[in-house]
Each structure stands twice: as C-alpha cells, then as structure tokens.
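# Analysis of the macromolecular model
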Amino acid sequence: MNFDPGIIARRTHTGFNLALRQGEAVEYIDSDELFAIRQKAGKTCAVLPGREVQTLRSLNKLLPTLHKYGGWVEIGRGYFVNLYRLRRSERNKKGGGYLLTFDDGSAFSLLSDYEAPILEFLGEKSLLQASPISFPQYYLMQMEVKDLVKDILYHGCPVKNPVLIGSYDVQGSNFGSTT
Amino acid sequence: MAKEKIVKPQKSQKTAKARKPVPAVAAPKRPRGRPPKPKPTPALAPETPPAPQPPSDAQGLKLVEALLVRLVSPLKALPVQTAEAVVYVRPKEIAYITTTKDRHILIVDREGREWQRFNVLKKLFERLSPDARFFLAHKSCIVINIFAVKTLRKNPETKLNELTFGDKVKGTAPVSGGNLKELRARLEL
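Residues numbered from 1 in each chain as written. Chains lettered and ligands numbered in written order. Predicted model: local features only at pLDDT ≥ 70, side-chain atom pairs only at ≥ 80, totals over all residues.

Counting its regular elements, chain A contains four helices and 10 strands. N-terminal to C-terminal, the α/β element order of chain A is α-β-β-β-β-β-α-β-β-β-β-β-α-α. A buried classification covers 26% of the 179 residues belonging to chain A. (Helix = DSSP H or I, 4+ residues; strand = E, 2+ residues; numbered from the N terminus. Buried ≥ 20, exposed ≤ 12 C-beta atoms within 10 Å, placed from the backbone.)

A few words on the overall build of chain B. The secondary structure content of chain B amounts to four helices and 10 strands. When the helices and strands of chain B are read in sequence order from the N terminus, they spell out α-α-β-β-β-β-β-α-β-β-β-β-β-α. When the 189 residues of chain B are sorted by exposure, 24% land in the buried category. Looking at chain B alone, contacts between residues at least 24 apart form 44% of all its contacts between residues at least 6 apart. (Contact = placed C-beta atoms within 7 Å.)

The next thing to look at is the pairing of strand β2 (residues 25-30) of chain A. In terms of burial, β2(A) is largely open, as just zero of its six residues are buried. Between strand β1 (residues 17-22) of chain A and the antiparallel strand that follows it, β2(A), lie two residues; Gly23(A) among them carries a positive phi value of about 65°. (Pairing = 2+ DSSP bridges.)

Take unusual backbone geometry next. With a phi close to 55°, Ala41(A) is a non-glycine residue in the positive phi region. In this fold, Ala41(A) is placed in the loop between β3 (36-40) and β4 (43-48). Here Lys159(B), not a glycine, exhibits a phi torsion of approximately 60°, which is positive. Mapped onto the fold, Lys159(B) is located in the loop between β8 (151-154) and β9 (161-164).

In this section: the environment of Ala46(A). Residue and element names in this part refer to chain A. Inspection of the secondary structure puts Ala46 in strand β4. Counting along the chain gives 12 residues from Ala46 to Leu34, while the straight-line C-alpha distance between them is 6.9 Å. Setting aside its immediate chain neighbours within four residues, Ala46 contacts Leu18, Leu20, Leu34, Ile37, Val53 and Thr55.

Here Arg117(B) is to be found in strand β5 (residues 114-117). For the pair Arg117(B) and Leu106(B), spaced 11 residues apart in sequence, the C-alpha to C-alpha distance is 6.6 Å. For Arg117(B), the contacting residues outside a window of four places in its chain are Ala130(A), Val80(B), Gln81(B), His104(B), Ile105(B), Ile107(B) and Leu124(B).

The next thing to look at is the environment of Asn92(A). All names here are of chain A. Along the chain, Asn92 turns up in the loop between β8 (86-91) and β9 (98-102). Between the C-alpha atom of Asn92 and that of Leu110, which follows or precedes it by 18 residues, the distance is 8.3 Å. Setting aside residues no more than four positions away along its own chain, Asn92 makes contact with Gly97, Tyr98, Leu99 and Ser109.

Let's shift gears to the sheet that holds strand β6 (residues 72-76) of chain A. Sheet strands associate in pairs through backbone hydrogen bonding, adopting either a parallel or an antiparallel arrangement. Residues and elements named next belong to chain A. Spatially, the five strands line up as an open sheet ordered β5-β4-β3-β7-β6, and their pairing is antiparallel. Looking at strand neighbours, the two that pair on one side only are β5 (51-54) and β6, the edges of this open sheet. For this sheet the average axis-to-axis angle between neighbouring strands, irrespective of direction, equals 30°. Where β3 meets β4, five bridges bridge the pair, whose relative direction is antiparallel. (Axes fitted to C-alpha atoms, helices over the stretch in contact; angles between N-to-C directions.)

So, on to the confidence of the model for chain A. Residues and elements named next belong to chain A. Across chain A, the average pLDDT comes to 77, with 74% of residues at or above 70. Averaged over each element, pLDDT in chain A is lowest for helix α4 (residues 135-142) (67) and highest for β4 (92). Confidence drops under a pLDDT of 50 for residues 146-176, and excluding neighbours within four residues, the segment shows 47 contacts in the predicted structure. (pLDDT = per-residue confidence, 0-100.)

Moving on: helix α2 (residues 57-71) of chain B. Taking 1.5 Å per residue as the helical rise, α2(B) with its 15 residues ought to reach 21 Å, and the 21 Å between its terminal C-alpha atoms agrees with that figure. Of all 15 residues in α2(B), zero are buried, a share of ten percent or less. (Expected span 1.5 Å × (residues − 1).)

Okay, the pairing of β9(B) next. The side chains of a regular strand alternate, first on one face of the sheet and then on the other. Residues and elements named next belong to chain B. Residues Asn161 and Leu163 line the buried face of β9, whereas the alternating positions Glu162 and Thr164 sit on a face that is not buried. For β8 and β9, the ladder comprises four bridges, and the chain directions are antiparallel. Note that in β9 the partner of Lys154 across the bridge is Asn161. In sequence, β8 turns back onto β9 through a hairpin of six residues, with Lys159 there showing a positive phi of about 60°.

Written out as structure tokens, the structure is:
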C-alpha cells in the first residue's frame, strides 16, 4: 500500500514548524494548522484560521519543505494551499476558475491553468462533478443551471417547501448537505 | 458281606505320557519388609513458553502497515455531489454508507448529515477497503465505520442486530447474521 508522505504528522499534529513574525517576537505554529501560504507585495504570509501573518522565511526557502510533506499545491502565482484541509470546490461566480473552500470557511479562487495537479491529487476528473454522476444532475449542470431551488438530488420525491441546498454557512456547520 | 472292590479308574497311558513332570523353578523371592520409599526427584523447572521468534522482514512490514492503517486513514477525502458544488467528506467523518430506493448511495456522517453519490456500493467499498475502519456489515446495503459505532443491540421488533452511531445520527445500520461474528471480532467483543 502506498502511504502519502506526512500522514502521521498530520494525524498527530506534528508537522514542520513555521515561524511567524509577531512584532519583535517569533511565533511557531504547526503546519497542520495552515490553510495556505502566499506571497503578497513581496512578503510571504501564512493563512491561518481567522488571521493572516507574515512568515519569517521566504516562500522560496519554504517550498522544499512543502513539497516534502505533500498535499501543498499551487493555485495561483506564489499561492500554495493545503489540500488536506479542502472541504468544497465549486465554480467561481465572480470570475473564471473555481472557488476552493477550506475547513474554517476561508475561500480561495483557483485559476483554471492550475487545475491539473489538484485533480491528480484528488484522483478525480472534475472539480464540479463527482464522477459518476446521475444523468439529471449532469444535464442540469451542463446547462449551467446555477441557482437550484429544487432538490434535484432527491428527484424521486417532490419537495413541498424547497430549500436552497448547497448554501454554505460561514460557521462551517453546513457545507451543503442534502438534509 | 462281600467286600466291594473299589476299582480305581486306571489312567490311560496317553494321559500319563502327556503329563510330564514340571521341573521345579525357584520362585522369585518376595522382597521382605517395607518397600523402599521412592527417592525424591529434583523439582523440575516450570515450563516456560518458548520465546517468540522475531518476525521476518515481510511480517514486520505487514504489522507496521496494519498499525499505520489503524492510526491514520490512507484514503483521501471522498467527493460527494451537491447541486452547486462538490463537497469532500473525510473517511474518518463517515458513520455509515447505505443505498437509497433510487439505488443511489447515501453517505451519513457523524454529524448526521447525508450526502449522495451515484455509483455502485460494491465499487465504493472496493475503493474504501484499504482503510481498516470500513466493514461490510450487510451484503447488499451497508458499509459501516467501525470507529463510529456506539452501540450494538438486537431490535426486539425485527429481531435483527443493529448498530447505532450516537445521538446525532438518527438512522441505524443492520448487521447480517453471517457477518456478526467477524464484526464482534473487529469490535473486540
């Protein structure tokens, strides 16, 4: 059996340490808490639940470590995300590409050119459809029906009070389940 | 009075010849006195089980692999379909997987949320089988996460063995009689 690198580190929350600038002090966090690392105006920032902090090391120095642990994929120029914390993928309504939502509700837009390594990591063919997909669902999505107020997943039984499914709650409690 | 002669029956010669005098053999002397007490034998050391042999390299690798699988799921998140997006459910969050009347797959997570996929349960179980936490509880319709099981009980109405998964998960998962023994072993009952 092939194990992904860093499985025990993720399970036991003992990944690599990342140093963050906190004024004059330095804060160390575990890599398992990270959602993304990105470059912003020449500075490297770590995206954590609810905050974004500048790192002590530059992205170029961090890259070998990220590649060693696996699961870190580039979704834009100088923008790396931790795919082990990925929760949801959908079409980006504001622009092109996709929108990736993570465990705490933070969302990052993914450019279409960077799609391939993510699909390879997930072992899927598309970020919008989980294969195999039912034909009603497939055709509705091919027609680019975006705001569905009908519970098409339960197309066998009519719904009296349709509820917008797939809506995302910022608190992280509802990721669009069918219940 | 005439004396009656008592005629002794004469032994036939044949019988006389057949009976040969047995030579006198000295009988073994009986030991006199009390029999000697048996000598106390030195106490034997209690039998110690043989030391287990160190596992071979292949066995050791298998053991490590089994422990790793028990500690960490080797599977990646399972994508499920909603109307707008694809949601990724982690294997450790799944409580059980069953089929609906429409022959879709219904995934129930530990929070009681339900998700759907559109493939066949058997193929999905093949995909999940590298992870030791998943067990085919019923041949046709149920795959359960062993680590999410809270109770194993017998339903008095249906007389079937059922598994429950805590307060948040409303549904129960039936267990077929043929798989019950293996399930008990997996649950260490």
